Amino acid sequence: MSSSDIFIGETIGTAILILLGGGVCAAVTLKASKARNAGWLAITFGWGFAVLTAVYTSAPLSGAHLNPAVTLALALKDNGIPWSQVPTYWGGQLLGAMIGAALVWVAYYGQFHAHLTDKEIVGGPGAETTKAKAVEARESGAGPVLGIFSTGPEIRNAVQNVATEVIGTFVLVLAVLTQGLNDSGKGLGTLGALITALVVVSIGLSLGGPTGYAINPARDLGPRIVHALLPLPNKGGSDWSYAWVPVIGPLLGAAVAAGIYNVAFA
């Protein structure tokens, strides 16, 4: 694979991943959406289908890593990808995540405006305190739609939050290493893509409750940057004090998974 193929494939694939994954979060969150309050099952399966679609689309070009943690693990893996390719993968993933997040904003433009100008959501004179405002107050610096773009903890404890992301990413990456990439190195096989998508659903259902299961640094950081840049009314903060957790946690989890893979499976 050439550097241009890798960069283009990862950009396109990660953009699709975030468009569909962030899209289901917007559908469930925004007040004027037909899928409002569809719940956690909708989110977890939406993200799983997002992974499946993104992998099928980008695998022929780049192998469909779509996640800096996966790329790191494949570089650490015995006879893995060259380290010289890692920056290209990471650059495409971050750019794609930002593009995908911007497309979610475009697709739900009217819903974002309606949600963020509703006094029951953002407060104002005469507005009653709501659950949304209570959550916003508890998560200092996190605006009312930040969860559409990036993750945040239900209980803010740095050690636990990092540990949760390490554990979730470990499961994902070990699954990818043991059955994901085919022997020719051309990307995820058909069955491997489906299994990986179902693993993501499983992680969301079982381990997503504490932090929202970023398990992907680009998935969290790219959209968080977009949230900070977009001209959203009353959007609140981007919670940069937490932003390091969904970056460091997944990278640590990936490194542990690669180490165990090299010892137990290689």
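Residues numbered from 1 in each chain as written. Predicted model: local features only at pLDDT ≥ 70, side-chain atom pairs only at ≥ 80, totals over all residues. Heavy atoms only, no water.

## Let's talk about the packing of aromatic side chains
Taken as a whole and assessed by the stated rule, the structure comprises 5 aromatic pairs. Look at Trp-40 and Tyr-213: their rings are 5.8 Å apart centre to centre, the planes differ by 70 degrees, and that puts the pair in the edge-to-face class. Taken together, the positions of Trp-40 in helix α2 (residues 40-62) and Tyr-213 in the loop between α10 (190-207) and α11 (217-229) put the pair 173 residues apart, joining distant regions of the chain. Accessibility expressed as a relative area gives 36% for Trp-40, which makes it partly exposed. Ring centres of Trp-105 and Tyr-109 lie 5.7 Å apart, and the angle between their planes is 65 degrees; on these two criteria the pair is classed as edge-to-face. (Phe/Tyr/Trp six-rings, centres within 6.5 Å; stacked < 30°, edge-to-face > 60°. Helix = DSSP H or I, 4+ residues; strand = E, 2+ residues; numbered from the N terminus. Buried < 20%, exposed > 50% of the residue type's maximum accessible area, 1.4 Å probe, protein only.)

## Thoughts on the environment of Val-245
With respect to the element layout, Val-245 can be found in helix α12 (residues 245-264). Take Val-245: its relative accessible area is 1%, and that puts it in the buried class. Residues Val-245 and Pro-217, 28 residues apart in the sequence, show an inter-C-alpha distance of 8.9 Å. Excluding anything up to four places from it in sequence, Val-245 contacts Asn-161, Val-162, Glu-165 and Pro-250. (Contact = heavy atoms within 4.5 Å.)

## Observations regarding the environment of Leu-19
In this structure, Leu-19 sits in helix α1 (residues 3-29). On the basis of relative accessible area, Leu-19 is assigned to the partly exposed category, the value being 30%. In this structure the C-alpha to C-alpha distance between Leu-19 and Ala-54, which are 35 residues apart in sequence, comes to 9.7 Å. The residues contacting Leu-19, other than those within four sequence positions of it, are Gly-100, Leu-103 and Val-104.

## A closer look at the pattern of salt bridges
Between side chains of opposite charge, a pair can form as their charged atoms come close. Summed over all chains, the structure comprises 4 salt bridges. Glu-120 is the salt-bridge partner of Lys-31, the closest N and O atoms lying 3.0 Å from each other. A residue pair is termed long-range when its members are at least 10 positions apart, and Lys-31 in the loop between α1 and α2 and Glu-120 in helix α6 (residues 119-122) qualify at 89 residues. Judged by its relative accessible area of 33%, Lys-31 is partly exposed. A salt bridge links Asp-220 to Arg-224, with the nearest nitrogen and oxygen atoms 2.7 Å apart. On the criterion of helical spacing, the pair formed by Asp-220 and Arg-224 is a turn pair, its members being 4 residues apart in helix α11. (Salt bridge = Lys/Arg side-chain N within 4 Å of Asp/Glu carboxyl O.)

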